[in-house]
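Residue-level structure breakdown
This is what each chain is made of:
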Amino acid sequence: MAHKLPDLKYAFNALEPHIDAMTMEIHHDKHHAAYVTNLNKAIEGTDAENLSLEDLMANISKYPMAVRNNGGGHYNHTLFWEILGPNGGAPSGKLADAINDAFGSLDSLKEQMNNAGATRFGSGWAWLIVQNGKLAVCSTPNQDNPLMDIAEVKGTPILGIDVWEHAYYLKYQNKRPDYLGAIWNVINWEEVAKRYEAAL
Ligand code: MN
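First, a word on what this report is: a plain description of the structure on this page. (Residues numbered from 1 in each chain as written. Predicted model: local features only at pLDDT ≥ 70, side-chain atom pairs only at ≥ 80, totals over all residues. Heavy atoms only, no water.)

**Brief notes about the overall build of the protein**
In terms of regular secondary structure, the protein is built from eight helices and three strands. Scaling as 2.2 N^0.38, a compact globule of 200 residues should have a C-alpha radius of gyration of about 16 Å, and the protein matches this with 16 Å. Seen through its C-alpha atoms, the protein measures out along the principal axes to roughly 50 × 40 × 30 Å. Buried residues in the protein amount to 48% of all 200 residues. When contacts within the protein are restricted to residue pairs at least 6 apart in sequence, those whose partners lie at least 24 apart make up 68%. Surface accessibility of the protein: about 9500 Å² in total, with carbon and sulfur atoms responsible for 49%. (Helix = DSSP H or I, 4+ residues; strand = E, 2+ residues; numbered from the N terminus. Rg over C-alpha atoms; globule rule 2.2 N^0.38 Å. Buried < 20%, exposed > 50% of the residue type's maximum accessible area, 1.4 Å probe, protein only. Contact = heavy atoms within 4.5 Å. Areas by Shrake-Rupley, 256 points an atom, 1.4 Å probe, with all protein chains shown as cover.)

Below, the structure is given as structure tokens:
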């Protein structure tokens, strides 16, 4: 079962001015595409070819580092494109209630996520996860994610923010916190809510 690069559901420039078109194009067409190509190469002829991406994450400790890095890269970016979108807005319904219960307010969630992203040394991701039915914030290095059996903090990711320099450097250069401030304008909360309900 070969993995495929998913199409973006919006134009490269749809997240302007918060995320620029060239960053989106290189990020999707080059970076994500390379993770998919290299994942397919790394699993070719092995039993990992028969696993869904989710099952691969859950058993990632059994596979070589190339599978972990590129499989994580494929999973993480597939989620990332889906939880971004041009319409922004704010969470509502059950998800909004759960955010208020867990963090006090949406602003406090953003602060915890931004802190997790800003303090992740080098490359990695900040995550909002569902863990035993509750929301929590964590971060992972490189292309790891909370679905992996090797993850320090495990859970089902419902929102992830890429803090690799390739996600923001063209527009924000070294100012990762500015990127983290801006990205909240382009979160697709409907998709996050869908993932929240599915994870419960
Ligand atoms: Mn990336």
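**Concerning the coordination of the manganese ion**
Within the protein, the atoms that donate to the manganese ion are His27 (NE2), His77 (NE2), Asp162 (OD) and His166 (NE2), at distances of 1.9 to 2.1 Å. Each donor residue of the manganese ion belongs to the same chain, with the gaps between them written as H-x49-H-x84-D-x3-H. Of this pair, His77 sits in helix α3 (residues 65–83) while Asp162 sits in strand β3 (residues 156–162), placing them 85 residues apart in sequence. With respect to burial, His77 and Asp162 carry one shared label: buried. (Donors = N, O, S within 2.8 Å, 3.2 Å for Na, K, Ca; no water.)

**Side note on the environment of Gly124**
Following the sequence through the fold, Gly124 ends up in strand β1 (residues 124–131). Overall, the relative accessible area of 0% leaves Gly124 in the buried class.

**Overview of the packing of aromatic side chains**
The tally for this structure, following the rule as stated, stands at six aromatic pairs. Seen from their ring centres, Phe80 and Trp81 are 5.5 Å apart, and the 50° between their planes marks the pair as tilted. Given a relative accessible area of 1%, Phe80 falls into the buried group. Ring geometry for Tyr168 versus Tyr179: centroids 5.0 Å apart, planes at 25°, classification stacked. Separated by eleven residues along the polypeptide, Tyr168 in the loop between β3 and α6 (169–172) and Tyr179 in helix α7 (residues 176–182) bring together distant segments of the chain. Across this residue pair, the class does not change: Tyr168 and Tyr179 are buried. The lysine or arginine in question, Lys171, covers the ring of Tyr172, its NZ or CZ lying 5.7 Å from the ring centre. (Phe/Tyr/Trp six-rings, centres within 6.5 Å; stacked < 30°, edge-to-face > 60°. Lys NZ or Arg CZ within 6 Å of the ring centre and 35° of its normal.)

**Section: the pairing of β1**
Counting buried residues in β1 gives seven out of eight residues, a clear majority hidden from the surface. Pairing analysis gives eight bridges linking β1 to strand β2 (residues 134–141), with the strands arranged antiparallel. Opposite Trp125, over in β2, you have Thr140 as the bridge partner. (Pairing = 2+ DSSP bridges.)

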